[in-house]
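Okay, here's what each chain looks like letter by letter:
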Amino acid sequence: MNKEAKAKGNKVQPQTLIAAGFVILVTSLDREEFPAGTVLKLYRMRWRIELAFKRLKSLIGLRAPPAKDPRIAKPWILAHFLIALVTEPLSRELGVSPP
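Source: prediction; values computed, not measured.

Calculation rules
Numbers given to residues run from 1 along each chain, matching the order in which its sequence is written. Owing to the predicted nature of the model, reporting of local features is limited to residues with pLDDT of at least 70; listing and counting of side-chain atom pairs is limited to 80 or more, with chain, interface and lining totals taken over all residues. By convention in this description, side-chain values take in all heavy atoms of the structure and omit both hydrogens and water. Secondary structure elements follow DSSP: runs of H or I no shorter than four residues count as helices, runs of E no shorter than two count as strands, and numbering proceeds from the N terminus. The globule rule is 2.2 Å times the number of residues to the power 0.38, and the radius of gyration it is compared with is taken over C-alpha atoms. Three exposure classes are used, based on accessible area relative to the maximum for each residue type with a 1.4 Å probe and protein chains only: buried under 20%, partly exposed in between, and exposed over 50%. Between two residues, a contact is recorded if the distance between any of their heavy atoms is within 4.5 Å. Computed with a 1.4 Å probe, the accessible areas rest on the Shrake-Rupley method; for each residue, only the protein chains presented here act as cover. Cavities and pockets were defined on a 1 Å grid built over protein atoms only: a cavity is a set of grid points that admits a 1.4 Å probe from which the probe cannot escape, a pocket is an open set flanked by protein on both sides within 12 Å along at least five of seven lines, and lining residues are those with an atom within 4 Å of any such point. Grid points are joined across faces, edges and corners, and a volume is the space filled by probe spheres set on the points. Classes in brief: Ala, Val, Leu, Ile, Met, Phe, Trp, Tyr, Cys and Pro nonpolar; Asp, Glu, Lys and Arg charged; the others, Gly included, polar. Each reported salt bridge corresponds to a side-chain nitrogen of Lys or Arg within 4 Å of a carboxyl oxygen of Asp or Glu.

What follows deals with the overall build of the protein chain. Scanning the protein chain from terminus to terminus reveals 4 helices and 0 strands. Sequence-ordered secondary structure for the protein chain, helices as α and strands as β, is α-α-α-α. For the protein chain, whose C-alpha radius of gyration is 20 Å, the value lies well above the compact-globule estimate of 13 Å for 99 residues. Taking the principal axes of the C-alpha coordinates as reference, the protein chain spans close to 50 × 45 × 35 Å. The proportion of buried residues among the 99 residues of the protein chain is 13%. The long-range fraction of contacts in the protein chain, counting pairs at least 24 apart against all pairs at least 6 apart in sequence, stands at 26%. Surface exposure of the protein chain reaches about 8,900 Å², of which carbon and sulfur atoms provide 63%.

Within this model, the second largest pocket holds a volume of roughly 160 Å³. Taken together, Val23, Leu25, Thr27, Leu29, Arg31, Ala36, Val39 and Leu40 make up the full set of residues lining the second largest pocket. Partitioning the lining of the second largest pocket into residue classes produces 6 nonpolar, 1 polar and 1 charged.

In total, this model carries 3 salt bridges according to the counting rule given. Across the pair Lys8 and Glu4 runs a salt bridge whose closest N-O atoms are separated by 3.7 Å. Of the residues examined, Lys8 reaches a relative accessible area of 60% and is grouped as exposed. Across the pair Arg71 and Asp69 runs a salt bridge whose closest N-O atoms are separated by 2.8 Å. You can call Arg71 exposed: its relative accessible area is 70%. Judged by its relative accessible area of 24%, Asp69 is partly exposed.

The structure is reproduced here in structure tokens:
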């Protein structure tokens, strides 16, 4: 944080450094039904899904479908997922993909 701020000609406030040591999640879920530990588990799971989609975007060029028509968009997305299923084990085997 300090390095990034210094590069921009700024100074990090002490409170910012303290806050950087925390994860703050805000939710509208019921506290009794979803205690903090459960919310954190759900967040970690969601973050893993986000990372998987980010990886798909870079691995197979997954981006917005070329058309909004579901008859075109759905096969385009499914084809990209099929490519991912085929290439992922190969990329791991060849050592060209992070775990």
